[in-house]
Amino acid sequence: MNLSLSSEDLAFQADVRSWLEEILPEGSPYRGLNLFTQNREDSAWWQKKLNERGWGCVGWPVEYGGTGWDDAKKQIFSAECARAEAPMQSPFGETMVGPVIYTFGTQQQKDQHLAGIRDGSVFWCQGYSEPGSGSDLASLRTSALRDGDDYIVNGQKIWTTQAHFADWIFCLVRTSTEGKPQEGISFLLIDMKTPGVEVKPIYTIDGEHHLNEVYFSDVRVPVSNLVGEENKGWTYAKFLLMNERVGIAGTGRLRTGLGNLMAIHNHLNETAAGSYDGDDVARKHAELSVRLDALEALESRALTAEEGSGESMILPLPLKLLGTHLQQDVADLGVEILGYSAMPRSGYGFGENDSSNEPNYRAKGPGLTSFMLSGRASTIYGGSSEVQRGIMSKFVLGL
Ligand SMILES: Cc1cc2nc3c(=O)[nH]c(=O)nc-3n(C[C@H](O)[C@H](O)[C@H](O)COP(=O)(O)OP(=O)(O)OC[C@H]3O[C@@H](n4cnc5c(N)ncnc54)[C@H](O)[C@@H]3O)c2cc1C
């Protein structure tokens, strides 16, 4: 991105870059991982390293261990991490439940939960969706009935990413059936080790295990685990979704991905003349680059929009929509360029394990095809594209 960086920002960028080079040298097994390929140990390792440097949760307020960086620094940091192909931070703690807890939670909840998210010792998952309640989230039925100092929770969540290794789940539960559906929802923190919580795997099109069903059978949850007020959970749920959507756009990783594709394209242009339509690829690549430029500009506006303003509420929607479609188109172009080399376990590029000096574009990982397939989900999770368009047509275009 063409940020015009001040000398202070340039010094900061150099500092971040040299730290990343030290922690993630060329050939590090942690490079090139993403949320779908990294396991708990990978995520914990990366979170611990960040935290040791004081960068565990850079966007949090300083009083909760954040950095107090301005928006330019946060963008530089995220772009440098993408450039170094750093692992992804688990969003469920850092971007999602952490800000909900420090904004709406009790002191006891802050004391109990924030440090574990920062240092990578505690992992979270998101219990929003249920069978029949995805886009229509407010129709959710998992119930939490008050019994003395506890809630008794019964019901089922689905598509719960990383529930199989999470320590805690933040859940939307129904605490009232009166009034509008949104008015009877509460935001509850549940320890995954509580008796009555059962996790079952769901295997996805890429052949991996990221997703789960989570069942709750008479699960006793202390009332002290309620965030904010009972029946006001919808407010906290929406606050969380806005943060989630900004993060999903993934501009830094897109920039790195497009850079990698250009390197592969240049190599093929030189070595595979005749069997490779370089002009067509170059045109498609240019188109995607222009879309990414526009997306980065939109991201800057979203990140710098005044909190609580109309822009801060609306911009995450087109950002998520355009970012996820761009991610899919970049992955599609990658598969098109690489052909057979994009297949699972053949490595992303060519030259894996061979002794030539050919560039090895991504020897690690299950293959770009697998990444492309798992990426189909990005236009579904965090609010499907159709639903995002529906909200924008109503609130932006007034249709
Ligand atoms: C990989 C992946 C990871 C996920 N991780 C999590 C997680 O960790 N935690 C969690 O809680 N959930 C998670 N989800 C669930 C996700 O949030 C839901 O899948 C999503 O909200 C859509 O809900 P649904 O699957 O019930 O589809 P539905 O809501 O049934 O939608 C089906 C289709 O109908 C369309 N549609 C629905 N309503 C409208 C409308 N009003 N206008 C136009 N079209 C409409 C949708 O766009 C979609 O194409 C994940 C999903 C995926 C795929």
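Residues numbered from 1 in each chain as written. Predicted model: local features only at pLDDT ≥ 70, side-chain atom pairs only at ≥ 80, totals over all residues.

### Quick notes on the overall build of the chain
Each helix and strand counted, the chain has 12 helices and 8 strands in total. For 399 residues, the compact-globule estimate of 2.2 N^0.38 gives 21 Å, and the C-alpha radius of gyration of the chain, at 22 Å, lies within 12% of that figure. Overall, the chain is about 75 × 45 × 45 Å in size when its C-alpha atoms are taken along their principal axes. Within the span of the chain, comprising 399 residues, buried residues form 38% of the whole. Counted over contacts in the chain with a minimum sequence separation of 6, partners at least 24 positions apart contribute 70%. (Helix = DSSP H or I, 4+ residues; strand = E, 2+ residues; numbered from the N terminus. Rg over C-alpha atoms; globule rule 2.2 N^0.38 Å. Buried ≥ 20, exposed ≤ 12 C-beta atoms within 10 Å, placed from the backbone. Contact = placed C-beta atoms within 7 Å.)

### A short note on the site of the ligand
Contacts to the ligand come from 18 residues, most closely from Tyr 128, Gly 134, Ser 135, Ser 384 and Glu 386. Sorting the residues of the shell around the ligand by element identifies strand S1 (124-127) and helix H12 (385-395) as the ones contributing at least two each. Residues that form the shell around the ligand fall into these classes: 8 nonpolar, 9 polar and 1 charged. (Near = placed C-beta within 6 Å. Nonpolar A, V, L, I, M, F, W, Y, C, P; charged D, E, K, R; others polar.)

### A word on the environment of Thr 95
Considering the arrangement of structural elements, one finds Thr 95 in helix H4 (residues 91-104). Each C-alpha atom of the pair Thr 95 and Leu 288 lies 27 Å from the other, and the pair is 193 residues apart in sequence. In contact with Thr 95, other than residues within four places in its own chain, are Asn 243, Glu 244 and Gly 247.

### With respect to the nonpolar core
Grouped together as the largest cluster of nonpolar side chains are 40 residues, with contacts concentrated most on Trp 124, Val 153, Ile 169, Leu 172, Phe 187, Leu 188 and Ile 190. The element that contributes the greatest number of residues to this core is strand S4 (residues 168-174), accounting for 6 residues. One finds Leu 292, Ile 337, Leu 368 and Leu 373 within the second-largest nonpolar core, a separate group that totals 21 residues. (Core = buried A, V, L, I, M, F, W, Y, C linked by C-beta atoms within 7 Å.)

### Things to note about the confidence of the model for the chain
For the chain, per-residue confidence averages 89 on the pLDDT scale, and 93% of positions sit at 70 or higher. Note on residues 346-365: pLDDT is under 50 here. Beyond four places in sequence and across chains, it has 38 contacts. (pLDDT = per-residue confidence, 0-100.)

### So, the domain arrangement of the chain
As far as domains go, the chain holds domain 1 (7-89), domain 2 (124-230) and domain 3 (249-395). Measuring from the centre of the C-alpha atoms in domain 2 to the corresponding centre in domain 3 gives 32 Å. Each partner contributes to the interface: domain 2 provides 4 residues, whereas domain 3 provides 5 residues. A per-class count over the side of domain 2 that touches domain 3 returns 1 nonpolar, 2 polar and 1 charged. (Domains from an automatic or database assignment.)

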